[in-house]
Amino acid sequence: MSSKFQYDLVALVIFALVVAFGVPAVMNYDGFELNTFARYLALAIVSMALSLSWGTAGLLNLGQAATFGMGSYAMAMHLKLRASDGLPDFMAWNNVETLPWVWVPFESLTFTLLAGLLVPAFIGGLIAIFMFRARIAGVFVAIITLAFLVAFQLLFINQQGHTGGQNGLTGLAQMSLFGWIVDPYSMGFYNLVAGCLVVALAFGVYLTHSKFGLILRAIREDADRARFFGYNVANYQTLVFCISAALAGWAGMLYTLVLEFASPTYMSVSFSLAIVIWCAVGGRESVIAAAFGAIVVNMLEGRLSDVFVEGWHLILGVIFVLVVMFMPRGIYGLLSESLQKLRGIGRPRDHRDAETFPNT
Amino acid sequence: MKRRDFLGSLGAVGTAGMLSTPALLSSAGRALAQGNDIPVGLLFSLTGAVAVVESTLHDAALMAIEEINASGGIHGRQLRPIIEDPASDPATYADRARRLMIRDKCVSVFGSYTSASRQAVLPVTEQRKNLYWYPTLYEGRECSRNVMYGGAVPNQQQDDLIPWAIENFGPRFYMIGNNYVYPKEENNYCKTLLEQYGGEVVNEEYVPLGHSDFSSVINRIRSEKPDVIFATVVGDSDVAFARQYHAAELDPSKMPVVSLTRSEVEVKAIGGEAAAGHFSSAPYFMGHATPENEKFVEAYKSRYGGDQVTHFVSEAAYFQVYQFKAALEKLDPSNITPETIRDAAVGLTLNAPQGEVLIDENLHTHLWPKIGQWQTNGQAEVLIESKERVAPKPYAAYAGQTCTGKGLVKA
């Protein structure tokens, strides 16, 4: 067990305790505040999903919002069907007369939950196979995924009769999970989202410290060398892409539950870039840091917009620029560097020895 | 073990310390501290894609609030506007609406320009039984008991317009709109009217929102030679369309664009020269000559600048605040909740800049439809004014469905 793994475990436990007990207590178990924070937690999942592909494997996926949106719409389709008797209202407006076949299986919650994970994973995997078999890397991954996102969003909006177009899916029912009606303002719902985040993070920590994670990092550093060692680079990259997409879909499902509607803006370029920013601010090398980044940035956005109604966008922009300039590795980088410095002060002799040794 | 425990507790203390920083997390201090004020929310985008139009709605509503406060408030209580900027993003609308309705305990929220943003606000509004005052014309087919609809629905914009256009220009309509629900619904309704008055659709075309290259559309218009261009193009798209139509030297006296969405704001961006000769249908135009409107325009210009324009949405954003005031004046000050406000508002009449408006029991507004022709100075000359106030029928295109005071009734 490496010391880094220990640190991550400790951080995970602290994070889980704070999220599960600290935050609700600070908020006096107030329904509104819990709902707002649950939104941040759902976004933290998509941010940590990006850190898996970007931070660990070095694949900057700018299409993360597309897979997030798929999960979000899967959940919304189920809730829309539950809310309407027969045909959803917007279909009638668009002169669609029978329920499209893609909608039919979403009557079932089990199918919906599976589809919310597997459809994004499948589509993410499909793109990944084409990209990584062709050994596309670096900035081109970003360009292709971005192009996919734009095309996907356009297609989605255009299929108005099936997707609700620009307005998205609204007027949803509340989800009922084993007879429990999910009220997005309740402590139970908050615990559900927090639990999902902690499970996702635990999975992420395990993954990054497993052999799989090590190989991914090796690929990130030098794909050719990993290939010479006999690893099938494309397969590893595709797999991490699928996992990241499935986690994004999971986050999307929770997001629909929090906000009670699904909108095509969840698949917008600006949302996708926002995910990259959260991940960068927190630190893309660690899944916990990336989740933390999403929470911090969204909390900051919430508070700034409360205090500076007119200028909050500008202030946020300046903060991002400063972070990228002075903390290129995010909060995580800052912490680990200062930890190293602290260690350096604690062991001055080793330090001096290392410096003086070559001279003697 | 010891070291890990130490690190753990250090981390926990640090994190807890940071989380309990009051400025970042707790916000209870703001809610209802100021005693007798009446908190109302303003939820219009001041930044982002639709801010150009939506900020004018914000300005108009805020002006009405401040006028009311300056003249002594309501039963001696001041209105306290709580302003949020949802930045043209539906998710942010949902978030800010929660703040206004749950945390700040606003008894009403005024907001939104696009249907997408109204839809984003609806879940929390209905769940918390709040009241959302929506000033924009929209596609109808909605019958919420928690939304006050101040703008026109299809029957109010088209019932006079379509027979008039057929009579004056001819029966062949070319429909062009952006690809979303509003243009489709308006066109659905237009088709039922065309059938009734013997008109026909020569082409029905939708371009993506924000689309700005209309050369192929204009070529098709040239070859089809329709009598009327029935336009539901919005925002920047409409500006581009009008300019390119003008540049292609298509003659408005032979093939006029009859728009449901073009207001003084768009015409200001298009330029009077290119907009001149075309038509719009709306319940309000800036040049409408009534004492109420002169007062409104005068106040708006002196407050926000002489080059500013008022239009059919900002007028509704303005008069809806006065409707809210009139409803509150009917109520016992100790019994002000969103639902009592709504019930008091039904049946209210008010002298708005466009004429006397009435709130229907289906919470939509009885309005005065007008047809205006754009002039080179950027103003519309009102050619036709409806002889009587027109009732809102949000389900007019759908037989057997009516929006009533008890919600949607299906026959």
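Not measured: the values here are computed from a predicted model. Note that residues are indexed from 1 along each chain, following the sequence as it is written. Both sets of labels track the order of writing: A upward for chains, 1 upward for ligands. Two thresholds apply to this predicted model, a pLDDT of at least 70 for residue-level local features and 80 or more for giving and counting side-chain atom pairs, whereas whole-chain, interface and lining totals are computed over all residues.

### Things to note about the overall build of chain A
- Think of it this way: any DSSP run of H or I at least four residues long counts as a helix, any run of E at least two long counts as a strand, and we number them from the N terminus. Helix and strand counts for chain A stand at 16 helices and 2 strands.
- Taking 21 Å as the expected radius of gyration for a compact globule of 360 residues, we find that chain A reaches 22 Å, a close match to that expectation.
- Contact between residues is assigned whenever the C-beta positions, reconstructed from backbone atoms, fall within 7 Å. Contacts in chain A between residues far apart in sequence, at least 24 positions, make up 80% of those at least 6 positions apart. Our radius of gyration is a C-alpha quantity, and the globule rule it is checked against amounts to 2.2 Å times the number of residues to the power 0.38.

### Concerning the nonpolar core
- What we call a nonpolar core is a set of buried Ala, Val, Leu, Ile, Met, Phe, Trp, Tyr and Cys residues whose membership is set by joining through C-beta atoms within 7 Å. To assign burial, the other C-beta atoms lying within 10 Å of each residue's own C-beta are counted, with C-beta atoms placed from the backbone; 20 or more indicates buried, 12 or fewer indicates exposed, and intermediate counts indicate partly exposed. Ranked by internal contacts, the top residues of the largest apolar core, which has 221 residues, are A:Ile45, A:Val193, A:Leu197, A:Ala251, A:Leu254, A:Ala291 and B:Ala61.
- The dominant element in this core, judged by the number of residues it contributes, is helix α11 (residues 233-259) of chain A, at 17 residues.
- Taken domain by domain, this core gets at least three of its residues from each of domain 1 (36-152 + 284-366) and domain 2 (156-282) of chain B.
- Other than its neighbours up to four places away in sequence, A:Val193 contacts A:Ala38, A:Leu41, A:Ala42 and A:Leu254. A domain assignment, automatic or from a database, supplies the domain bounds used here.

### Regarding the interface of chain A and chain B
- Taken together, the contacts link 32 residues of chain A with 41 residues of chain B.
- Every element with two or more residues in the side of chain A that touches chain B is listed here: α1 (3-26), α2 (31-56) and α13 (287-307) of chain A.
- If one sorts the elements of the side of chain A that touches chain B by residue count, α1(A) sits on top with 8 residues.

### Some remarks on the UniProt feature "transmembrane region" (unreviewed entry) in chain A
Residues and elements named next belong to chain A.
- Per the UniProt record, "transmembrane region" (unreviewed entry) is found at residues 6-28, 40-60, 109-132, 139-157, 187-207, 228-255 and 311-335.
- Note that residues 40-60 is 81% helix and 0% strand, and that its end C-alpha atoms are spaced 22 Å apart.
- Counted over residues 228-255, helix gives 86% and strand 0%. Its end C-alpha atoms are 42 Å apart. UniProt positions are given in the numbering used here, feature names are shortened, and annotations may be inferred rather than shown by experiment.

### Considering the sheet that holds strand β15 (residues 380-385) of chain B
Residues and elements named next belong to chain B.
- When DSSP finds at least two bridges between two strands, those strands are taken to pair. Taken together, the 7 strands give an open sheet; going across it, the order is β7-β6-β8-β9-β10-β14-β15, and neighbouring strands pair in mixed fashion. On the outer flanks of this sheet lie β7 (200-207) and β15, each paired with one strand and no other. Here the strands of the sheet are splayed against their neighbours by 25 degrees on average, with no regard to which way each runs.
- Of the strand pairs in this sheet, strand β14 (residues 370-374) and β15 are connected by 5 bridges, and their pairing is antiparallel. In the strand pairing of β15, Trp374 is matched with Ala380. Helix axes are fitted to C-alpha atoms over the stretch in contact, other axes to C-alpha atoms as well, and angles between N-to-C directions run from 0 to 180 degrees.

### Describing the sheet that holds strand β2 (residues 79-84) of chain B
Residues and elements named next belong to chain B.
- Spatial strand order, β2-β1-β3-β4-β5: 5 strands in an open sheet with parallel pairing. Edge strands, defined here as strands with exactly one partner in the open sheet, are β2 and β5 (147-149). Averaged over all neighbouring strand pairs, the angle between strand axes comes to 25 degrees, with direction disregarded.
- Note that strand β3 (residues 108-111) and strand β4 (residues 132-134) share 2 bridges and pair parallel. Residue pairing across strands places Val109 opposite Tyr132, the latter belonging to β4.
- Where helix α3 (residues 90-103) meets the sheet, it contacts β1 (38-43), β2 and β3, and its direction lies at approximately 175 degrees from that of β1.

### Digging into the environment of A:Met325
- Position of A:Met325 relative to the elements: it lies in helix α14 (residues 312-326).
- For A:Met325, a count of 8 C-beta atoms within 10 Å gives the class exposed.

### So, the domain arrangement of chain B
Residues and elements named next belong to chain B.
- If you check the domain split of chain B, you get domain 1 (36-152 + 284-366) and domain 2 (156-282).
- Summarising the inter-unit geometry, the C-alpha centres of domain 1 and domain 2 are found 29 Å apart.
- Contact with domain 1, which involves 18 residues of that partner, is made by 12 residues of domain 2.
- Elements supplying a minimum of two residues to the side of domain 1 that touches domain 2: α2 (51-70) and α13 (312-330).

### Considerations on the packing of helix α3 (residues 64-83) of chain A against α11(A)
Residue and element names in this part refer to chain A.
- At a closest axis distance of 6 Å, the pairing of α3 and α11 adopts a crossing angle of 45 degrees. Classified by the angle between their axes, α3 and α11 sit oblique to one another. The crossing of α3 and α11 is right-handed. Taking contact as the criterion, the partners of Gln64, Thr67, Phe68, Gly69, Met70, Gly71, Ser72, Ala74, Met75 and Ala76 in α3 are, on α11, Ala245, Ala248, Gly249, Trp250, Ala251, Gly252, Met253, Tyr255, Thr256 and Leu257. Comment on the angle field: the value is read as roughly parallel under 35 degrees, roughly antiparallel over 145, roughly perpendicular from 65 to 115, and oblique elsewhere. By the definition used in this description, the sense in which the near helix is turned from the far one sets the handedness, with an anticlockwise turn below a right angle giving left-handed and a clockwise turn giving right-handed.

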